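Examination of the molecular architecture
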Amino acid sequence: DIRLIDTAHNSHNEQILGQAVASFDAASRAQTRGGGGSSDKPPPLHVVTKVWYTHLGYERTKISVQESLDQLASKNTRQVYV
């Protein structure tokens, strides 16, 4: 089972990863609707991303983090490393 997705703003893949995570979330919800109790729930998925060193500084870091969160469009983003 995949439980952690590690990406970075500079990888330029956050948007496609966000789409994949959304598909995973939808499939997980559909699977749990099929019956069974909470034991049928898949393990939580965590997404971690990082701010690139050229985006440091208070304002630039805030912009970079917001761009990452927008592209990931996921409630699973748990950590952002600076």
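Here, the structure is the one placed above.
Structure report, in brief. (Residues numbered from 1 in each chain as written. Predicted model: local features only at pLDDT ≥ 70, side-chain atom pairs only at ≥ 80, totals over all residues. Heavy atoms only, no water.)

1. Some remarks on unusual backbone geometry
Negative phi characterises most residues that are not glycine, and trans characterises most peptide bonds. Under the convention used in this document: The secondary structure listing takes helices from DSSP runs of H or I that are at least 4 residues long and strands from runs of E that are at least 2 residues long, numbered from the N terminus. Only protein chains enter the area calculation, which uses a 1.4 Å probe; residues under 20% of their type maximum are buried, those over 50% are exposed, and those in between are partly exposed.
One non-glycine residue with positive phi stands out, namely H12, at about 55°. Residue placement: H12 occurs in the loop between β1 (4-6) and α1 (14-33). What makes H12 exposed here is its relative accessible area of 67%.

2. Here's the deal with the sheet that holds strand β3 (residues 77-81)
What counts is decided by this rule: If DSSP finds at least two bridges between two strands, the strands pair. Between the N-to-C directions of two axes lies an angle of 0 to 180 degrees, each axis being a line fitted to C-alpha atoms and, for a helix, fitted only over the stretch in contact.
Pairing in this open sheet of three strands is parallel, and the strands run β1-β2-β3 from one edge to the other. Every interior strand has two partners, whereas the edge strands, β1 and β3, have only one. Mean inter-strand twist for the sheet, computed between neighbouring axes without regard to direction, equals 15°. Examined bridge by bridge, β1 and strand β2 (residues 46-50) share three bridges and lie parallel to one another. Bridging from a neighbouring strand, D6 pairs with V48 of β2.

3. Structural notes on a nonpolar patch on the surface
Just so we agree on the cut-off: Residues forming no salt bridge and having over 30% relative accessible area are the ones grouped into patches, like charges within 9 Å of each other and nonpolar side chains (Val, Leu, Ile, Met, Phe, Trp, Tyr) within 5 Å. Here the Shrake-Rupley method, with its probe set to 1.4 Å, supplies the accessible areas, and only the displayed protein chains count as covering residues. Any Lys or Arg side-chain nitrogen found within 4 Å of a carboxyl oxygen on Asp or Glu counts as a salt bridge.
On the surface, W52, Y53, L56, L69, V80 and V82 cluster together into a nonpolar patch covering about 580 Å² of accessible area. The topology assignment puts V82 in the segment after β3. Taking the relative accessible area as the measure of exposure, V82 reaches 68% and is therefore exposed.

4. As for the environment of Q79
What counts is decided by this rule: A contact between two residues is defined here by any heavy atoms of the two lying within 4.5 Å.
Secondary-structure assignment places Q79 in strand β3. Take Q79: its relative accessible area is 37%, and that puts it in the partly exposed class. Each C-alpha atom of the pair Q79 and V47 lies 7.0 Å from the other, and the pair is 32 residues apart in sequence. Sequence-distant contacts of Q79, that is, excluding residues within four places in its chain, are made with V47, V48 and T49.

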